[in-house]
Amino acid sequence: MASQGSLTLVSGVVAFKSDEGISSLAAVNAAIVGLAQTLALELSPVRVNVVSPGIIDTPARAGMPEQDRRAFYQNIAQQLPVQKVGVAEEVAQGILFLMDNTFTTGTVLHVDGGHRLV
Ligand SMILES: NC(=O)c1ccc[n+]([C@@H]2O[C@H](COP(=O)([O-])OP(=O)(O)OC[C@H]3O[C@@H](n4cnc5c(N)ncnc54)[C@H](OP(=O)(O)O)[C@@H]3O)[C@@H](O)[C@H]2O)c1
């Protein structure tokens, strides 16, 4: 990788906001943050950052019945400060920022609609 290059890893809000029944997902997402922060030192000057999405409407939940999926998103949306779930483009914007900004490394960019606050 070019020394001006960067890596952006994807974690998730469950690393920062506890909930029942998601312990393994929380552990994996937290591990990604630890990995990125360590790699930021080990791979320097390559920059290594993390984007941490909240609940994003993606095909990952295509297996859920449509009605259940809508109810899930509606329930999450009404709890969030931004009053909506995210879309993939919003996460992509975060990734593009971390790729572009040459003074960020070992950082976590939360693209979660304020989920970890509530
Ligand atoms: N959606 C959320 O609410 C949410 C929240 C927090 C964090 N995240 C994180 O965001 C990331 C993306 O999630 P998503 O919701 O966008 O999932 P998704 O809709 O299921 O998309 C996953 C993507 O990963 C690709 N993929 C899967 N296995 C792969 C492999 N072995 N090699 C290369 N590509 C592979 C899939 O490609 P194909 O389509 O070709 O299979 C697909 O494009 C995940 O790390 C997830 O944990 C998601």
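The paragraphs below set out a description of the structure included in this document. Computed from a prediction, not measured in an experiment: that's the story for all the values here. (Residues numbered from 1 in each chain as written. Predicted model: local features only at pLDDT ≥ 70, side-chain atom pairs only at ≥ 80, totals over all residues. Heavy atoms only, no water.)

### As for the overall build of the protein
Convention followed: In DSSP terms, a helix is any run of H or I states spanning at least four residues, a strand is any run of E spanning at least two, and both are numbered starting from the N terminus. Here, Shrake-Rupley sampling with a 1.4 Å probe gives the accessible areas, and only protein chains in the shown set may cover a residue.
When helices and strands are counted, the protein shows 3 helices and 5 strands. Listed N to C, the secondary structure of the protein is β-α-β-β-α-β-α-β in terms of helices and strands. Along the three orthogonal principal directions, the C-alpha set of the protein runs to about 50 × 25 × 25 Å. If you sum the accessible surface of the protein, you get close to 7,300 Å²; carbon and sulfur atoms cover 57% of it.

### A few points about the sheet that holds strand β1 (residues 6-10)
The test is simple: Here, strands pair whenever DSSP counts at least two bridges between them. The angle between two axes is taken between their N-to-C directions and runs from 0 to 180 degrees, where each axis is a line fitted to C-alpha atoms and a helix contributes only its stretch in contact. Any two residues whose heavy atoms approach within 4.5 Å at even a single point are treated as in contact.
Spatially, β1-β2-β5 is the arrangement adopted by the 3 strands of the open sheet, whose pairing is parallel. Every other strand in the sheet has two partners, leaving β1 and β5 (108-111) as the edge strands with one partner each. With strand direction ignored, the average angle separating the axes of adjacent strands in the sheet is 25°. Where helix α3 (residues 88-100) meets the sheet, it contacts β1, β2 (47-53) and β5, and its direction lies at approximately 165° from that of β2.

### Regarding the packing of aromatic side chains
Here is the rule: Two rings from Phe, Tyr or Trp (for Trp, the six-membered ring) form a pair when their centres sit within 6.5 Å of each other. Planes less than 30 degrees apart are called stacked, planes more than 60 degrees apart edge-to-face, and all others tilted.
Across all of its chains, the model carries 1 aromatic pair by this definition. Arranged with centres 5.7 Å apart and planes meeting at 50°, the rings of F72 and Y73 form a pair that is tilted.

### A look at the pattern of salt bridges
Once their charged atoms are close, side chains differing in charge can pair, the charge on each being opposite to the other. So the rule is basically this: One side-chain nitrogen of Lys or Arg within 4 Å of one carboxyl oxygen of Asp or Glu is enough to make a salt bridge.
Counting across every chain of the model gives 4 salt bridges. Linking K84 and E90 is a salt bridge whose minimum nitrogen-to-oxygen distance equals 2.6 Å. Each of E66, R69 and R70 takes part in a single network of salt bridges with overlapping partners.

### Examining the environment of V91
Rule in force here: Buried, partly exposed and exposed residues are distinguished by accessible area as a fraction of the type maximum, computed with a 1.4 Å probe on protein chains only: under 20%, between the cut-offs, and over 50%, respectively.
Mapped onto the fold, V91 is located in helix α3. Taking relative accessible area as the criterion, V91 reaches 10% and is therefore assigned buried. Distance in space between the C-alpha atoms of V91 and I22 is 22 Å, their sequence separation being 69 residues. Not counting residues within four places of it along the chain, the set of residues in contact with V91 comprises V51, P53, I56 and V111.

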